[in-house]
Amino acid sequence: MSNLALRPEIRIDSRTVAAAQAAEAGTYSIHWFDQRDRAKRIEHYVDLTLLKIDYIDLLVPLQGHVNEHLLAHPQVACECRTLRQKIAENSYKFDINRFDTAGKLTTRSACIEDTQGLRITETTFTADGVFVVRSNYHYAPNMTLVSVQHYDSFGNVVSS
């Protein structure tokens with residue numbers, strides 16, 4: 001989980017910004033990219049306080065990654081994304097496991113994204129496997145997120 005050989009990029013939403021602009025805005029993230037320009041880690045900040053770290057393309061089991069995270073960043077939540085697996089010509093699947101600041105698993109999600117890394121669907125469950133919500137993501141031609149629709153277990157739209 002080291003930042004060695006990773007290139008940082010400060011972002012507000014999907015825009016790359018300077019450090020001063022991020023500090024002024026208050027809510028921003030630092031994306032850490034590998035040599036192939038794939039994000040490997042995302043740190044989320046509010047008013048210069050680190051709230052959560054997303055670790056990307058991890059091999060399972062995840063508990064070792066979570067333990068290492070807790071030692072390095074006590075009281076910071078984390079999200080562990082498993083290594084992407086190709087499931088069709090233009091899509092990949094991966095899982096997200098979310099842990100609270102004490103390292104307790106809170107939710108799990110099964111995700112599908114396209115070849116450009118845009119999330120298509122996400123189905124979220126509680127830590128013990130109870131369905132929470134299915135989300136579908138919609139993008140403009142310039143790949144800007146336009147909307148997200150959330151569905152309950154019966155397929156009804158619960159929010160958009």
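Residues numbered from 1 in each chain as written. Predicted model: local features only at pLDDT ≥ 70, side-chain atom pairs only at ≥ 80, totals over all residues. Heavy atoms only, no water.

Q: Sorry, what's going on with the state of the cysteines here?
A: The final tally for this structure, using the stated rule, is 0 disulfides. Distance from the sulfur of C78, which forms no disulfide, to the nearest cysteine sulfur (C80) is 4.2 Å. Judged by its relative accessible area of 2%, C78 falls in the buried class. No disulfide involves C111; its sulfur sits 13 Å from the nearest other cysteine sulfur, which is in C80. By relative accessible area, which is 2% here, C111 ends up buried. (Disulfide = S-S within 2.5 Å. Buried < 20%, exposed > 50% of the residue type's maximum accessible area, 1.4 Å probe, protein only.)

Q: Is there a simple way to think about the pattern of salt bridges in this case?
A: Counted by the stated rule, this structure contains 16 salt bridges. Among the salt bridges present, the one from D34 reaches K40, with a minimum N-O distance of 3.9 Å. Where E43 meets R41, a salt bridge forms, and the shortest distance between an N and an O atom there is 2.9 Å. Here E43 matches R41 in class, with each residue buried. Counted as one network, the salt bridges with shared partners bring together K52, D54, E79, R81, R98, R119 and E122. (Salt bridge = Lys/Arg side-chain N within 4 Å of Asp/Glu carboxyl O.)

Q: What is the right way to look at the packing of aromatic side chains in this model?
A: Here a ring pair, both rings aromatic, is described through the centre-centre distance and the interplanar angle of the planes. This model, assessed by the stated rule, comprises 2 aromatic pairs. Between Y28 and Y45, the aromatic rings sit 5.2 Å apart at their centres with planes inclined by 10 degrees, giving stacked as the arrangement. On the criterion of sequence distance, the pair formed by Y28 in strand β3 (residues 27-33) and Y45 in strand β4 (residues 39-46) is long-range, its members being 17 residues apart. Each member of the pair, Y28 as well as Y45, carries the same accessibility label: buried. Ring geometry for F125 against F131: centres 6.1 Å apart, planes inclined by 80 degrees, an arrangement best described as edge-to-face. Judged by relative accessible area, F125 falls into the partly exposed class, the value being 28%. Cation over ring: R84 sits above Y92, and NZ or CZ is 3.8 Å from the ring centre. The cationic tip of R134 hangs over the ring face of Y151; the distance from NZ or CZ to the ring centre is 4.5 Å. (Phe/Tyr/Trp six-rings, centres within 6.5 Å; stacked < 30°, edge-to-face > 60°. Helix = DSSP H or I, 4+ residues; strand = E, 2+ residues; numbered from the N terminus. Lys NZ or Arg CZ within 6 Å of the ring centre and 35° of its normal.)

Q: I keep staring at the pairing of strand β12 (residues 145-151) and nothing clicks. Help me out?
A: With 6 bridges connecting them, strand β11 (residues 131-139) and β12 associate as antiparallel partners. Each residue of the ladder has a partner; that of S135, found in β12, is H150. Here β12 runs beside strand β13 (residues 157-159); their pairing, made up of 2 bridges, is antiparallel. Paired with H150 across the two strands is S159, which belongs to β13. Counted along the chain from β12 to the antiparallel partner β13, the turn is 5 residues long, and its residue G155 has a positive phi close to 85 degrees. (Pairing = 2+ DSSP bridges.)

These figures capture arrangement, not role.
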